[in-house]
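Residue-level listing of the chains:
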Amino acid sequence: MLQLENVTVTQDDFRLAADLTIREGARVAVIGPSGAGKSTLLSVIAGFYPPASGRVLWQDRDLTDLPPGDRPLSILFQDQNLFPHLTVAENVGLGIRSDLRLSPEDRGRVAEALERVGLSGMGDRRPGTLSGGQQSRVALARVLLRARPLMLLDEPFDALGPALRAEMLDLVAEIAGAMGATVLMVSHNPADALRIAPETILLADGRAHPPRGTAELLENPPPALAAYLGK
Amino acid sequence: MPSRLTLMAGGAAAFVALLTLGTLAAVIARAGGAGWPGVADWAALRFTVLQAALSAFLSVACAIPVARALARRRFPGRGIFITLLGAPFILPVIVAVMGLLAIFGRSGALNGILGAFGVEPLSVYGLKGVVLAHVFINLPLAVRLILQGWLAIPAERFRLAAALGFGPRDIARHLERPMLREVVPGIAVTIFLICLTSFAVALTLGGGPKATTIELAIFQAFRFDFDLGRAAMLAAMQLVICAATAALAARLSLPPAFGAGLDLAAQHWDAASPLSRLADAAAIGLAALLLLAPLAAVIAAGLPGVFRLPLAVWQSALWSVAVSLAATALALLLALPIALGRGRVLEITGMLPLATSALVVGTGLFLILRPVASPASLAMPVTALVNAVMALPFCLRALIPAARQVEADYARLADSLGLTGLARLRYLTLPRLRRPLGFAAGLTAAMSMGDLGVVALFADPDRATLPLQLYRLMSAYRMEDAAAAAVLLMALSFALFWLFDRGGRTDAAA
Amino acid sequence: MMKSLMIAGLLLPTALLAEDKPVLNIYTYDSFISEWGPGPKVEAAFEAECGCDVKFTGSGDGAALLARLLLEGDTTEADVVLGLDTNLTAKAAESGLFADSGLKDVAYDLPVAWDDPVFVPYDWGYFAFVYDKTKVTEVPADFEALAASNLKVVIEDPRSSTPGLGLLLWVKSAYGDKAEEVWKNLADNIVTVTPGWTEAYGLFLKGEADMVLSYTTSPAYHLIAENDDSKAAAPFNEGHYLQVEVAAKVATTDQSELADRFLAFMVTDGFQSVIPETNWMYPAVMPKGGINAGFDTLITPAKALLYPAGEAAKVRDAALAEWQAALSR
């Protein structure tokens, strides 16, 4: 269970308040007008940005003061998810040990993860030689190996075309299902949200509202969301 | 990471401070005071600042058209030309001056040509000679730094400019001038500081006592008057100017990483007109004439004798290579923590060696170390150490902006993966800094090869460095051997620079 | 590799000297100990007869040498200092760091009488303007003729070099109160002023000047080592300023007897015969076998100029001020 307990975030004259709970294993979309603070919310959960007040808890454990790498989560950003100077296998291997001292067994797991995301035999390539979709798959393979119970997606597939994006979302759903992971995904596309996230957090008016059913929310959007969706 | 890194950065900076400020303090302590500048000292200060400012201004002003031409033209040999450009900067001063005079001297090639047309010979001596030599030595540095700025303008920007139908004037206004405003002040200040401590160039080409620099006044105080207090006072004056200028430079901005991709081909649509072709060809041609002709003269004079050089010279060459490799390792060991640690105080400390008088450092170290160990037995470590510290400002210029870029691009990802400590250094920092590291290492190795430095007080009776051997050959009237030794020195400096610089580039994917 | 090199650098010199022979530490200028200087031969010759180990330490030039000794003071390891010249001896004597040589009745072949109890001369030479006979046909016979000519000369800076200081005192001793006037007239002949002899001679050989301030013995090198007789020194009617290079025993030496023996050895053939063709100066005591005939072709000034050590120190600052004023216009 992920809890945001009376969290407030301030950044210059920007303010965001969140007091909500996400149950374990849920897949939740984060939707809201641009500038509402979707990425900021994820940054707070991931530990890149300290909240002005309140606490972030996972399974009742306080994460607020933990450094990003020690939190029980994996995060994918809009870009810069891979180190261009390391090979695909090394990038994935970082998910097992960040000092990359991998045992033969570890290497086997890396190969397996690559196979799972459809990149068998690509381990020695560099990210620069891969397509955008393939790069996303590498990052997902690493998420798989990190096996952290919480998965944060900050629009990592936004640069991909609709078909490829749908494919990636399905892969996310599959991986998360296999790991039993809780997923929190920023999106500005209602179709994406509907596709894999039964629940949605709406960000509007300086507040992160507790998750509601995605379909229901999109059927009856409150005024702020309606304006954003163009309805 | 932060605490250990901060500790190491602080340690490195303290070490540099000990070598610059600490040695000065040792000299002052020994002298029992520092005195107050006299009329002649103020005159020396005026001339020093004047020539350094002029040299910095002209180096940068000449470098801009050359850098622009190199940024927007592709021609065979461009890569080698850019590498060769670095040569004057790493040559021992006496060799650079001799090369320069072979072209611009009284009986140099230029006056030979002018004479054939009945033109009166031009004299290169005086303030103009000092400035010419400083431009000769520092223009390459300026060109490389400014070229880097040009290449850092994203290719898309030029594409957009072309789509909007920008003429050269619009491009200058919207793309180039903002870049130059960011890059030029830092470069100018660096060159200003290099020229501030000029001694042999200023004296040899200065034409007389009008051209007295502070560094000469320090030399005079040490050797002529044996007046340590006055020497210390003058050295302090130099450091004050340095600190003030460095602080000013820090308020302006740092140039971008100059170790990064020189061959990134941004296509330019603005350079097709015949006039701009002509201008670029002229800029490159003149730079080649100014920089490469003197080098060619040095090579022509010395090459035939290289393989007849006495064994002792080859032994010195080996010894110098060993010293320079040690200096390179030390320089990187000092520069990396300072570059990664950042902070203004660290950066200004890193600039101090630029304005440090070699004579004061040597004397101060001698005073500090002699009670502990015999100076002759410390020759190697001290020479390597001082060479490393003297090269530090240039290493930092290369590393700091690049380190910032790495942090900006990848710190979040590394943090989210829990990549810290040595693993972060090994898998993120070092690979991403490979190019600037290679460049910094190459520059340090080459500068160390050519440095005569502080060896006098720490001379090892059994081994001489190559530059010292070169001086010995000249003192023994053996000018031909000396010319050959100069070619050997140049070749080795180059080879070291090239190896490190290349090493930083191979396999540096994306 | 680097580490082992550094350790080797730290240990080697001491390790090599671990034998039981007494060690004689001699401080000298750098070019003395170079491969091409007198050092190696002198070391071998003295070691053959002293049963000791001679250890030379070179530091820069003569002035740097004295500066180092003054820095070290009475904690110096030096037993003998070799390579001061007559312009430095006053300052050196004043420091009280040197002891009497004890040498008496040496038959010096010097142009001046020598009776200094502390400093023992080992070689000497005259300062002179050296030129290329194939290029300069009208050779000036004194400073005034030089000033009146169109000849270009390169000189050394008296503040940073021994020959530069020699020239300063040369003009001062020849012209006294008129020295500043002479310098004013010379100003337009001076191409540039270099930090040391090396740069000046290098510029001259590159053709940057018609004449260079050097020594009357310089042409001997070109003649003997290069078989080139085109270089010559111009004899000046005012006389030529003398440079005498000396050595002395350090008062705090723990090898007093050995130091005495070295100074005595210094004025014998074993040392003196090495000097002409390594240091390119005249020996202080003519060796029995004479010296290379090439030296016979050199000019021999009719008059030797030399301030006594104490007086040189006194006129120095005033002469320097005149020089600076005259050349700064």
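These numbers come from a predicted model, not from an experiment. (Residues numbered from 1 in each chain as written. Chains lettered and ligands numbered in written order. Predicted model: local features only at pLDDT ≥ 70, side-chain atom pairs only at ≥ 80, totals over all residues. Heavy atoms only, no water.)

A. How the structure looks around the overall build of chain A. If you tally the helices and strands in chain A, you get eight helices and eleven strands. Overall, the C-alpha framework of chain A stretches about 55 × 40 × 30 Å when taken along its three principal axes. Taking all 231 residues of chain A together, the buried fraction comes to 53%. When contacts within chain A are restricted to residue pairs at least 6 apart in sequence, those whose partners lie at least 24 apart make up 66%. Here chain A has roughly 9,900 Å² of accessible surface; of this, 47% comes from carbon and sulfur atoms. Charge centroids of chain A, computed over 23 positive and 28 negative side chains, lie 2 Å from each other. (Helix = DSSP H or I, 4+ residues; strand = E, 2+ residues; numbered from the N terminus. Buried < 20%, exposed > 50% of the residue type's maximum accessible area, 1.4 Å probe, protein only. Contact = heavy atoms within 4.5 Å. Areas by Shrake-Rupley, 256 points an atom, 1.4 Å probe, with all protein chains shown as cover. Lys, Arg positive; Asp, Glu negative; His and termini not counted. Charge placed at Lys NZ, Arg CZ, Asp CG, Glu CD.)

B. Highlighting the state of the cysteines. Considering all chains together, one arrives at one disulfide over all chains under this definition. Each sulfur of the disulfide joining Cys50 of chain C and Cys52 of chain C lies 2.1 Å from the other. Looking down the S-S bond of the Cys50 of chain C and Cys52 of chain C bridge, the torsion is -85°, so its handedness is left-handed. Taken as a pair, Cys50 of chain C and Cys52 of chain C share a single burial class, namely buried. Summary of cysteine pairing: Cys195 of chain B is not part of a disulfide, and the nearest cysteine sulfur, belonging to Cys62 of chain B, is at 13 Å. The class of Cys195 of chain B is buried, set by a relative accessible area of 0%. Of all cysteine sulfurs, the one in Cys195 of chain B lies closest to Cys242 of chain B, which takes part in no disulfide; the gap is 13 Å. (Disulfide = S-S within 2.5 Å.)

C. Here's a closer look at the environment of Asp462 of chain B. Counting through the fold element by element, Asp462 of chain B comes out in the loop between helix 20 (455-458) and helix 21 (466-475). Taking the C-alpha atoms as reference, Asp462 of chain B lies 9.2 Å from Ala376 of chain B; in sequence the two are 86 residues apart.

D. Quick look at the pairing of strand 8 (residues 211-215) of chain C. Residue and element names in this part refer to chain C. By the criterion of burial, strand 8 is predominantly enclosed, with five of the five residues buried. Note that strand 5 (residues 120-132) and strand 8 share five bridges and pair antiparallel. Of the residues in strand 8, the one forming a bridge with Tyr131 is Met211. Pairing analysis gives two bridges linking strand 6 (residues 153-156) to strand 8, with the strands arranged parallel. Bridge pairing links Val154 to Val212 in strand 8. (Pairing = 2+ DSSP bridges.)

E. The arrangement of the domain arrangement of chain B in detail. Residue and element names in this part refer to chain B. Domain parsing of chain B yields domain 1 (1-32 + 305-510) and domain 2 (34-298). Listed per partner, the contact involves 46 residues of domain 1 and 46 residues of domain 2. Between domain 1 and domain 2, the buried area comes to about 4,100 Å², and carbon and sulfur atoms account for 77% of it. Three residues stand out in domain 1 for area buried against domain 2, namely Leu359, Arg397 and Phe494, and they jointly supply 17% of the buried area on that side. The salt bridge involving Arg144 is made with Asp501; its shortest N-O contact spans 3.8 Å. Linking domain 1 to domain 2 there are two residue pairs in polar contact (both at pLDDT 80 or more). Residue assignment for the side of domain 1 that touches domain 2 shows that the elements contributing at least two residues are helix 1 (2-31), helix 15 (344-351), helix 16 (358-369), helix 17 (379-416), helix 19 (434-449), helix 21 and helix 22 (479-503). Considering only residue class, the side of domain 1 that touches domain 2 consists of 33 nonpolar, five polar and eight charged. (Domains from an automatic or database assignment. Buried area = accessible area lost by both parts, 1.4 Å probe. Salt bridge = Lys/Arg side-chain N within 4 Å of Asp/Glu carboxyl O. Polar contact = N/O pair within 3.5 Å; in protein donor to acceptor, adjacent residues only side chain to side chain. Nonpolar A, V, L, I, M, F, W, Y, C, P; charged D, E, K, R; others polar.)

F. Region of the structure containing helix 5 (residues 93-104) of chain B. Along its twelve residues, helix 5 of chain B runs 16 Å from first to last C-alpha, staying within 8% of the 16 Å computed at 1.5 Å per residue. The buried fraction of helix 5 of chain B amounts to ten of the twelve residues, a majority that puts the element mostly inside the structure. (Expected span 1.5 Å × (residues − 1).)

G. Local environment of the pattern of salt bridges. Inspection of the entire model under this criterion finds 29 salt bridges over all chains. The closest approach of N and O atoms between Arg223 of chain B and Asp61 of chain C, which form a salt bridge, is 3.9 Å. Residue Arg223 of chain B is located in helix 11 (residues 214-223), and its partner Asp61 of chain C is located in the loop between strand 2 (53-58) and helix 4 (62-72); the two belong to separate chains. Given the relative accessible area of 15%, Arg223 of chain B is considered buried. On the accessibility criterion, Asp61 of chain C (24% relative accessible area) is partly exposed. Residue Asp481 of chain B pairs with Arg478 of chain B through a salt bridge whose shortest N-O separation is 3.5 Å. Arg478 of chain B sits in the partly exposed class, given a relative accessible area of 28%. Each of the salt bridges in this network shares a partner with another, and the network as a whole consists of Asp41, Asp225 and Arg230 of chain B together with Arg316 and Asp317 of chain C.

H. Structural context of the interface of chain A and chain B. On the side of chain B, 18 residues touch chain A, which itself brings 19 residues to the contact. Summed over both sides, the interface of chain A with chain B buries roughly 1,900 Å², with 64% coming from carbon and sulfur. Counting the surface chain A buries against chain B, the share from its top three residues, Gln80, Phe83 and His85 of chain A, is 30%. Linking chain A with chain B are four residue pairs in polar contact (both at pLDDT 80 or more), by the criterion used here.

I. Examining the nonpolar core more closely. Within the largest apolar cluster, 366 residues are counted, with the highest numbers of intra-cluster contacts made by Phe98, Phe129, Trp183 and Phe262 of chain C. Broken down by element, the residue count for this core peaks at 21 residues, all from helix 17 of chain B. If you look at the next biggest cluster of nonpolar residues, it comprises eight residues, including Ala193, Ala197, Leu202 and Ala204 of chain A. (Core = buried A, V, L, I, M, F, W, Y, C linked by side-chain atoms within 4.5 Å.)

J. The arrangement of helix 7 (residues 127-152) of chain B in detail. All names here are of chain B. Its 26 residues place the ends of helix 7 36 Å apart at the C-alpha level, agreeing with the 38 Å of an ideal helix rising 1.5 Å per residue. Taking the largest bend as the criterion, helix 7 deviates by roughly 40°, centred on Asn138, and proline Pro140 comes between one and four positions later. Taking burial as the measure, the 26 residues of helix 7 include 22 buried ones, the bulk of the element. (Bend = angle between axes of the 7 residues up to and from the residue.)

K. Region of the structure containing unusual backbone geometry. All names here are of chain A. Despite not being glycine, Asp12 shows a phi value in the positive range, around 50°. Tracing the chain through its elements places Asp12 in the loop between strand 1 (2-11) and strand 2 (14-22). By relative accessible area, Asp12 is classed as exposed at 81%.

L. A look at the interface of chain B and chain C. Counting from both sides, the interface comprises 62 residues of chain B and, opposite them, 68 residues of chain C. Between chain B and chain C, the buried area comes to about 5,700 Å², and carbon and sulfur atoms account for 65% of it. When the area that chain B buries against chain C is broken down by residue, the three leading residues are Phe224, Phe226 and Tyr477 of chain B, summing to 15%. Along the contact surface separating chain B from chain C lie four salt bridges. Across the salt bridge formed by Asp30 of chain C and Arg472 of chain B, the nearest N and O atoms sit 2.7 Å from each other. It is helix 21 of chain B that provides the largest number of residues to the side of chain B that touches chain C, a total of seven residues.

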